[in-house]
Amino acid sequence: MEETKPRNLGGSLPVPNVQDLAARADDLTLTPTLLRRYVRPQPNTADLRHDAPAGEEQEHVPIIDLGRLLGPNGLAGGRGEEAARLRSACEDWGFFQLVNHGIPEETLEEMKRNVMGFFALPLAEKAALAQQPGEIEGYGQAFVVSEEQTLDWADMFFLLTQPPSYRDLRLWPSNPSTFKNCLENYSEEVQRVAGELLGAMAEILGVRDHSDMTRLAASQSVRMNYYPPCPEAHVDSVLGLSPHSDAVGLTLLLQVSKVPGLQIRRKGGWVPVTPLPGALVVNVGDVIEVLTNGKYKSVEHRAVVNAREERMSIATFHTGKFGTMYGPLEEVVGDEKPRYRSVSVEEYVKLVFSSKLNGKNIMDAMKIN
Ligand SMILES: O=C(O)CCC(=O)C(=O)O
Ligand SMILES: [Fe+2]
């Protein structure tokens, strides 16, 4: 039976278009009150540190080779060399860069071109695809729940992509003309890779029925981020994306621009994830942290803005289907205590879309104290 698209998941308060604001930055009619909405209160000391703690070398996010992982001896029942690398990446970092993933370079490049093409359209054309009140899909911004909250210096375009019955094709741009086909193709390729990674994780965790993990690739959504340059971008006063962990199963991110911006929280500082040509950045989401009872870490990250250059990224999120549950897997919990509650996917998604993007707040709400 065809699944119907979930409704009433929540929405976000409307906010100014940041690309437009940035283009008019010299315009004296822009009131300081308007711009003040983007300036954060004094950052705490952890937020001031961009680099490795003093005396330590800057660490680099691990690199995983998917071809090797899935090849002979890669997994070896969870004991292979690449499997060990993946386990350590998920337990210690929560992030890795994925190479040799089998997605043709042309597919990635085409996706980048289409997303750049979309954000370069005149505002009126993009605004035709604007998020409607109470909706999460479309062009706009997410997770704005109060007029007082500090805003992110970015616009986003969010679409549900899998299963195909979840799509609202009225929101899929017809300009650039290749956008629809390209997104469809990209979405399938990325979903395949997500499934393969989740299967490998199941094997490493000793979960017999791999579908306990691979079901987290059943639904997919794509969040395209546009960060305009921001001349005020000195030391964390303005951020492109607030510190958050992803409230999903698994995220595969394509950094469209060469300009760095993504940073992950590690040992009290922020480690940059330098764009690696052809690689996808993968991160463990909150739902995997729940399913693995905290073994695999969903790590906080943020996007900083650049004073002179725009930046774009494409985050592809994978989650379970509606009508299923999220909770710690018995096989992983073993003799320990479950550390998180079990909730329906609907309940979980409503919690996420009614919350601010704020550190690991969703995990805190899921924890059994
Ligand atoms: O722009 C980036 O690199 C980060 C995007 C991100 O974290 C998200 O969309 O959840
Ligand atoms: Fe994220």
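The coordinates are above.
Please read these numbers as outputs of a predicted model, since none were measured by experiment.

Undergrad: What should I look at first to understand the overall build of the protein chain in this one?
TA: Counting secondary structure elements, the protein chain contains 13 helices and 14 strands. By the compact-globule yardstick of 21 Å for 369 residues, the protein chain fits well, its C-alpha radius of gyration being 20 Å. For the protein chain, the spread of C-alpha atoms along the principal axes amounts to about 65 × 55 × 45 Å. Every one of the 369 residues in the protein chain was classed for burial, and the buried ones make up 54%. The long-range fraction of contacts in the protein chain, counting pairs at least 24 apart against all pairs at least 6 apart in sequence, stands at 77%. Carbon and sulfur atoms make up 52% of the accessible area of the protein chain, which totals about 16600 Å². Positive and negative side-chain charges in the protein chain, numbering 38 and 49 respectively, have mean positions lying 3 Å apart.

Undergrad: So what exactly am I meant to see when it comes to the coordination of the iron ion (ligand 2) here?
TA: Four donors placed tetrahedrally around a metal ideally meet at 109.5 degrees, and six donors placed octahedrally ideally meet at 90 or 180 degrees. Around the iron ion (ligand 2), the donor atoms from the protein are His244 (NE2), Asp246 (OD) and His301 (NE2), and they sit 2.1 to 2.2 Å away. Residue classification places His301 among the buried positions, given a relative accessible area of 7%.

Undergrad: Whenever I open this one, the side chain of Asn114 confuses me. Can you help?
TA: Looking at the secondary structure, you find Asn114 in helix α6 (residues 105-119). Among the polar contacts listed, one links the side chain of Asn114 to the backbone oxygen of Glu110, at a separation of 2.8 Å. Setting aside anything within four residues of it in sequence, one finds Asn114 in contact with Pro176, Thr178, Phe179 and Cys182.

Undergrad: Would you explain the pairing of strand β8 (residues 262-266) in this entry?
TA: Residues in a regular strand project their side chains so that they alternate between the two faces of the sheet. Along β8, four of the five residues are buried, which leaves the element largely enclosed by surrounding structure. Pairing of β8 with strand β11 (residues 301-304) involves three bridges; the strand directions are antiparallel. Within β11, the residue paired with Ile264 across the bridge is His301. As paired elements, β8 and strand β9 (residues 269-272) share four bridges and run antiparallel to each other. Note on β9: the bridge partner recorded for Arg266 is Gly269. Counted along the chain from β8 to the antiparallel partner β9, the turn is two residues long, and its residue Lys267 has a positive phi close to 50°.

Undergrad: Explain the site of ligand 1 here, please?
TA: By nearness alone, 13 residues border ligand 1, and Asn225, Tyr227, His301, Arg311 and Ser313 come closest of all. Here Tyr227 contributes a side-chain N or O atom positioned 2.7 Å from an oxygen atom of ligand 1. Within the side chain of His301, one N or O atom sits 3.0 Å away from an oxygen atom of ligand 1. Contributions of two or more residues to the shell around ligand 1 are made by β5 (219-227), β6 (239-244) and β12 (311-319). In terms of residue count, the dominant contributor to the shell around ligand 1 is β12 (four residues). For the shell around ligand 1, a count of residues per class yields six nonpolar, four polar and three charged.

Undergrad: Which parts of the structure should I look at to understand the sheet that holds β9?
TA: Sheets are built from strands that pair by backbone hydrogen bonding, the pairs being arranged parallel or antiparallel. Here we have four strands laid out as an open sheet, ordered β6-β11-β8-β9, and antiparallel in their pairing. Across the chains shown, the open sheet's two edge strands, defined by having one partner strand only, are β6 and β9. Recorded for the sheet is a direction-independent mean angle of 30° between the axes of neighbouring strands. Of the pairings in the sheet, the one linking β6 to β11 comprises three bridges and is antiparallel in character.

Undergrad: How should I be thinking about the packing of helix α5 (residues 81-93) against helix α8 (residues 179-205) in this particular structure?
TA: Two measures define how a pair of helices packs: the angle their axes make with one another and the distance between the axes. Running from N to C, α5 and α8 cross one another at 95°; their axes reach a closest spacing of 10 Å. As summarised for this structure, α5 and α8 are arranged roughly perpendicular, according to the angle between their axes. Residues Ala83, Leu86, Arg87 and Cys90 of α5 form the contact with α8, whose participating residues are Ala200, Met201 and Ile204. Among the residues forming the contact of α5 with α8, the class breakdown is six nonpolar, no polar and one charged.

Undergrad: Please clarify how the packing of aromatic side chains should be interpreted in this entry.
TA: The relative placement of two aromatic rings is captured by the distance of their centres and the angle of their planes. The full count for this structure, using the stated rule, is ten aromatic pairs. A ring pair is formed by Phe119 and Tyr139, whose centres lie 6.4 Å apart and whose planes are at 50°; its orientation type is tilted. Of this pair, Phe119 sits in helix α6 while Tyr139 sits in strand β3 (residues 138-140); the two residues are 20 residues apart in sequence, bridging distant segments of the chain. Pair check on accessibility: Phe119 and Tyr139 agree, each one buried.

Conventions we followed
Residues numbered from 1 in each chain as written. Chains lettered and ligands numbered in written order. Predicted model: local features only at pLDDT ≥ 70, side-chain atom pairs only at ≥ 80, totals over all residues. Heavy atoms only, no water. Helix = DSSP H or I, 4+ residues; strand = E, 2+ residues; numbered from the N terminus. Rg over C-alpha atoms; globule rule 2.2 N^0.38 Å. Buried < 20%, exposed > 50% of the residue type's maximum accessible area, 1.4 Å probe, protein only. Contact = heavy atoms within 4.5 Å. Areas by Shrake-Rupley, 256 points an atom, 1.4 Å probe, with all protein chains shown as cover. Lys, Arg positive; Asp, Glu negative; His and termini not counted. Charge placed at Lys NZ, Arg CZ, Asp CG, Glu CD. Donors = N, O, S within 2.8 Å, 3.2 Å for Na, K, Ca; no water. Polar contact = N/O pair within 3.5 Å; in protein donor to acceptor, adjacent residues only side chain to side chain. Pairing = 2+ DSSP bridges. Near = heavy atom within 4 Å. Nonpolar A, V, L, I, M, F, W, Y, C, P; charged D, E, K, R; others polar. Axes fitted to C-alpha atoms, helices over the stretch in contact; angles between N-to-C directions. Parallel < 35°, antiparallel > 145°, perpendicular 65-115°, else oblique. Phe/Tyr/Trp six-rings, centres within 6.5 Å; stacked < 30°, edge-to-face > 60°.

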